[in-house]
Amino acid sequence: MLTTLTSNKIPPPLLSPPPSTNLKNPRTLFKSIDRRQILTSLALSITPFFTFPELNDSQARGLFQMPPVRLSNRYFLVRAGESEFESFGIINTNPVAKTSMDSGLSVEGRKQTVRAALQLKAMGACEDNCWIWPSITQRAYQAAEIIAAVNGVTRSRIVPEYSFLDARGLGAYEGKSLASVSEVYASDSLSPTIKPPPIDDGTPSESVSDVFVRVTQLMSILETQYSEDTVIIVSPDSDNLTILQAGLVGLDLRRHRELSFGPGEVRLVDPKSIPTYKQPASAVYKCLNPPSCN
C-alpha cells in the first residue's frame, strides 16, 4: 500500500532565486549568482594540486650550479696523452676529424697515458669500481681504454661522451703552431667571453664561457645519473678540465689557465679547497660573482 504524505508543506528548492528573479528567463537566474564567489571556491579547490613541497639539497640534485654546494660523486680529471697532431706541434680542434686515427695518441702519448692509468691505480680510483667518461675524440677514447685495462674496468663501464667534452674549438688558429695558443690565453685573461677569430672549415670558435656551459651540462648529467660513485673524466685537451675545475672551486674563469693540465696528467677534484695562487693586480681582476666574471 502506498504511503501518503501527512504534511502539505513543500520542500524548499535547492537554489532559491531572489524575489526579483524572473523564472521564465534563465539568464537572470545565472546572473543572480555571485561570480566572484564561484571563482574563489574554484581557486580553493584547485590550489592543493599545484602546491609543491620545498626541495632540499638532496632532492634538487638536477639543479647543478657552479660552484656546487656539494658533489654527490668522487671525480678524477684526466687529460689524454699527447696526440699525433700535438707531436708535430700543430693545433687540431676541428670536431669533424675527432674520430680519425690521425687524432689518436702518439707513441709518447701512449706512454703518458699508461703512467696516468698507473697513477689512478695507485690512488685507488677504481678499487670499488668506477665509471670512465671519455670524449669520443680518438685520443681520449684510446686513453680511456688504457685506463680501463690497467685498472681492471670492463668496457661496459666506459661511457663515451659525444659533444660536451670536445676539445675547445680555436677557430682560425686551427692548423697553426701550438705556440700561437698563447694569444688565445692572453684574450682569456681579459674576458671569458672573447672568442678566437672564426674560420669556415667547420672548426668552432669557442670562448671560455662557451666551454663553461658545456662542462656544466656534463656535471649536471653526472650528478643526476650517479650517486656516491667514482667518475673518471677523460678530456682530449687541457681547457675543458681547467675551466671545469675553475668552476668547481669558484676560481675566476679568466684565470683558468693557471690550472693547466699537461698531457697525461691526473687530478682528483677537491671542491672544498681553492688552490693558492699569486693574486693578480686588483685593477685588472675584479670579480664579484666567480666563476661568472666579465
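What you see as residue numbers is a count from 1 along each chain, following the sequence as written. Reporting of local features is limited, given that this is a predicted model, to residues whose pLDDT is at least 70; pairs of side-chain atoms are given and counted only at 80 or more, and all residues count toward the totals for whole chains, interfaces and linings. With hydrogens and water excluded, all non-hydrogen atoms of the structure serve as input to the side-chain values.

Labelled according to an unreviewed UniProt entry, the protein appears under the name Phosphoglycerate mutase, originating from Escallonia herrerae.

(A) Up close: the overall build of the protein. The helix count covers DSSP runs of H or I at least four residues long, the strand count covers runs of E at least two residues long, and both are numbered beginning at the N terminus. When its secondary structure is counted, the protein shows eight helices and four strands. Helices and strands appear in the protein in the N-to-C order α-α-β-α-α-β-α-α-α-β-α-β. In the protein, buried positions account for 43% of the 294 residues. Across the protein, contacts joining residues at least 24 apart in sequence account for 76% of those joining residues at least 6 apart. Accessibility throughout is a Shrake-Rupley quantity obtained with a 1.4 Å probe, and a residue counts as covered only by protein chains that appear here. Summed over its atoms, the accessible surface of the protein is roughly 17,200 Å², and 58% of this surface lies on carbon and sulfur atoms. Buried means the residue's accessible area, taken with a 1.4 Å probe over protein chains only, is under 20% of the maximum for its type, while exposed means over 50%, and partly exposed covers the values in between. In this description, contact between two residues means that some pair of their heavy atoms is separated by no more than 4.5 Å.

(B) Structural context of the sheet that holds strand E4 (residues 266–268). A sheet is described by the order of its strands in space; here four strands give the open sequence E2-E3-E1-E4, paired in mixed fashion. Strands at the two margins of the open sheet, each flanked by one partner only, are strand E2 (131–134) and E4. Across the sheet, the mean angle separating the axes of adjacent strands is 20° when strand polarity is ignored. Being paired, for any two strands, means DSSP has found at least two bridges between them. Summarising the sheet, strand E1 (residues 74–79) and E4 pair through three bridges and their orientation is antiparallel. Counted as the bridge partner of Phe-76 is Leu-268 from E4. Fitted lines through C-alpha atoms give the axes, limited to the stretch in contact for helices. The angle between two N-to-C directions lies from 0 to 180 degrees. Across the sheet, helix H5 (residues 138–151) lies against E1, E2 and strand E3 (230–235), angled at about 165° from E2, the strand it touches most.

(C) Region of interest: the packing of aromatic side chains. Stacked, tilted and edge-to-face are the three classes assigned to paired rings of Phe, Tyr and Trp, where Trp is represented by its six-membered ring and a pair needs centres within 6.5 Å; plane angles under 30 degrees give stacked, over 60 edge-to-face, the rest tilted. Throughout the structure, instances matching the rule amount to two aromatic pairs. Ring centres of Trp-133 and Tyr-226 lie 6.3 Å apart, and the angle between their planes is 90°; this geometry places the pair in the edge-to-face category. Separated by 93 residues along the polypeptide, Trp-133 in strand E2 and Tyr-226 in the loop between helix H7 (208–225) and E3 bring together distant segments of the chain. What links up through ring pairs into an aromatic cluster is the set Trp-131, Trp-133 and Tyr-226. The lysine or arginine in question, Arg-157, covers the ring of Trp-131, its NZ or CZ lying 4.1 Å from the ring centre. Whether a charge sits over a ring comes down to the Lys NZ or Arg CZ being within 6 Å of the ring centre and within 35 degrees of the ring normal. When the ring centre of Tyr-173 is taken as reference, the NZ or CZ atom of Lys-176 above it lies at 5.3 Å.

(D) Representation of the state of the cysteines. Cysteine sulfur atoms that pair up within 2.5 Å are treated as a disulfide. Across all of its chains, the model carries one disulfide by this definition. Bridging Cys-126 to Cys-130, the disulfide has an S-S length of 2.0 Å. Around the S-S axis, the bridge from Cys-126 to Cys-130 shows a dihedral of about 75° and counts as right-handed. Each member of the pair, Cys-126 as well as Cys-130, is classed as buried.

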